[in-house]
Every structure is written in C-alpha cells, then in structure tokens.
Amino acid sequence: PPEIKKGTRGKFGKGNKKLGKSVLTWSELPVATCAGMSEWCAGKALQTLKVEDASTCYAAAMTLRKNRPAIRIRQELNTAAELLPEVPKPRRDGQPRLIRWYVSGDLTARRIPQIAEFMQAGPYMTGWLYTRSWRVPELRELIEQHLQPLPNLSVFASTDVATELAPTGWRVASILGDSRYQRGVRCPEQFGAKPSCEACRFCFDPKAKNKTGGRVVTFRVH
C-alpha cells in the first residue's frame, strides 16, 4: 500500500445493483489483510501472499481488473489509512444507513475496535460482514469481544470446504456444496428471489437470526 499521511481516513465506496444503490461499501486489499484465508479461497497465495495467485477469490479478481484501476487504488488507500471514514449522517427518509463491510479484504486487529467504535457512534447505521478472520484465535477473540455484541452489526463466519467448522453460536456464510451446512437459506439475491441485498435484508435484519435456517446463508461460488 502507498504511504499515507498521519490521520488520513479511508473512503467508502458506493453500492451497486447486487447490494443496492444506497449501500456504502468498505474494501481493503485481499490477501494482504486476509489472515484467515484458506487453501480453497486463496490457492497458491496462501504461500506466496500475492494477490495474483488467489485464483478462487472473487475480490482478487476485482483487484486485478485492468479496466477498473480505481478499485485497487481505493483498496490500497483503505488498507493504509490510519482511520475509518467520518461517520455518515442519518438518511433523511429515516431508513437505516446500510454498510457492507469488507467487500474485499478482511478484519484485522487494527480495524476491529475501530469498526466497533464507528458502529456505536451511529445507532441509525446497520452493517454486515463475512469474515474468515475467526480462524485466527487472537482475531476471533477481538471479534467476539468488540463486534458480536453490537445490535446494529451482523457478523458471519465465512467458511468453505477447507476451513474448520464455524465457532458455536456464530452465524455462518457457507459455500454451496459444503455438506456440513445442509440447513439454511440460499442467498435470495444470488438465486433470484430478491433483486438486491438491500431488498432482501436477510443478512442484516436482526429478526432473521431467529427464523428457520436464519443462522446459515449459502452462496454460490462467486
């Protein structure tokens, strides 16, 4: 990542058709921030730590797109930035301000308490994220201490066929075909039941946790 002046803040990205246009997004460099990556998601990058070698990772593919250099520039800025962006103002229509944390990259020891403080500063915000950082004991402890208790943030243990079983009590984001997670909900956006994450709300609506299959959401490889 580039050298960033002290006090520099990262920048949110805008939503898209998949997430919903009004959703704010946060991304950092994949591989470089992915302490919990698995052999399945990272491939040879698990040894080389080069984003070019993360053949299965969709975030790595976005980073390497030659026709969208702004994607990598923002990832590099956010990875190096000392601080998160300013807390956004509430929406005028009274709806929650939605934030999808880590479209690319993953939770680090530096960011976990920052995100907790950020989300606590704006109870009108609703965020969600999928992380493999739970595979690192020190990071799992920080996540469970700082992020899991937040009522306006939903945290999923991202799993694949090469990871261990998710920690007890966590919500799970699994990959289609993983026989360990048969019961759950197939991502309504991916499978065409809902037009966007914003319209679906399954992953970040607090009530969804208590519905049948509400603790597990399954995704196609993407």
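All of these numbers come straight from a predicted model, not from anything done at the bench.

## Brief notes about the sheet that holds strand β5 (residues 171–175)
The parallel open sheet is built from seven strands, whose spatial order is β1-β2-β3-β4-β5-β7-β6. Every other strand in the sheet has two partners, leaving β1 (24–26) and β6 (185–186) as the edge strands with one partner each. As paired strands, β5 and strand β7 (residues 216–219) are joined by four bridges and run parallel to one another. Following the sheet pairing, I175 is matched in β7 by F219. Contacts from helix α5 (residues 111–121) reach β1, β2 (97–101), β3 (125–131) and β4 (153–158) within the one sheet, and its direction differs from that of β2 by about 175°.

## Points about the pattern of salt bridges
Counted according to the given criterion, the structure contains 10 salt bridges. R9 is the salt-bridge partner of E86, the closest N and O atoms lying 3.3 Å from each other. Here E86, found in the loop between α4 (69–80) and β2, pairs with R9, found in the segment before β1; they are 77 residues apart in sequence, far enough to count as distant. Take E86: its relative accessible area is 55%, and that puts it in the exposed class. For R91, the salt bridge goes to E198, with nearest N and O atoms at 3.6 Å.

## Some words on the pairing of β5
The two faces of the sheet receive side chains in turn, since in a regular strand these alternate between them. The buried count for β5 comes to five of five residues, which makes it a mostly enclosed element. By the alternation rule, side chains of β5 split into R171, A173 and I175 and V172 and S174, which are all buried. For β4 and β5, the ladder comprises three bridges, and the chain directions are parallel. Its bridge partner lying in β5, S158 is registered against A173.

## Description of the nonpolar core
In this structure, W101, I115 and L147 are the most contacted members of the largest nonpolar core, which totals 29 residues. Of all the secondary-structure elements, those providing two or more residues to this core are β1, β2, α5, β3, α6 (137–147) and β4. If you tally residues by element for this core, the top one is α5, at five residues. The residues contacting W101, other than those within four sequence positions of it, are F12, W26, L84, I115, F118, M119, G127, W128, L129 and L153. If you look at the next biggest cluster of nonpolar residues, it comprises 16 residues, including A173, F204, A208 and V217.

## Describing the pairing of β3
Counting buried positions along β3 yields seven of seven residues, so the element is predominantly enclosed. Burial of the side chains of β3 extends over both faces: M125, G127, L129 and T131 are buried on one face and T126, W128 and Y130 on the other. A crossover connection joins β2 to the parallel β3 through α5; in handedness this β-α-β unit is right-handed. Note: β3 against β4, five bridges, orientation parallel. Among the inter-strand pairings, T131 is bridged to a residue of β4, identified as A157. Between the parallel pair β3 and β4, the chain is carried across by α6, and the sense of this crossover is right-handed.

## Digging into the packing of α5 against α6
Direction vectors running N to C along α5 and α6 enclose 10°, while the axes themselves pass 9 Å from each other. By the angle between their directions, the pair α5 and α6 is classed as roughly parallel. For the pair formed by α5 and α6, the contact residues are I112, P113, I115 and A116 on the first element and L139, L142, I143, H146 and L147 on the second. Considered class by class, the residues forming the contact of α5 with α6 number eight nonpolar, one polar and no charged.

## Focus: the environment of G177
In this fold, G177 is placed in the loop between β5 and β6. On the basis of relative accessibility, which here comes to 69%, the residue G177 falls in the exposed class. Along the backbone, G177 and K207 are 30 residues apart, and their C-alpha atoms lie at a distance of 26 Å.

What counts and what doesn't
- Residues numbered from 1 in each chain as written.
- Predicted model: local features only at pLDDT ≥ 70, side-chain atom pairs only at ≥ 80, totals over all residues.
- Heavy atoms only, no water.
- Pairing = 2+ DSSP bridges.
- Helix = DSSP H or I, 4+ residues; strand = E, 2+ residues; numbered from the N terminus.
- Contact = heavy atoms within 4.5 Å.
- Axes fitted to C-alpha atoms, helices over the stretch in contact; angles between N-to-C directions.
- Salt bridge = Lys/Arg side-chain N within 4 Å of Asp/Glu carboxyl O.
- Buried < 20%, exposed > 50% of the residue type's maximum accessible area, 1.4 Å probe, protein only.
- Core = buried A, V, L, I, M, F, W, Y, C linked by side-chain atoms within 4.5 Å.
- Right-handed = clockwise from strand over helix to strand, strands pointing away.
- Parallel < 35°, antiparallel > 145°, perpendicular 65-115°, else oblique.
- Nonpolar A, V, L, I, M, F, W, Y, C, P; charged D, E, K, R; others polar.

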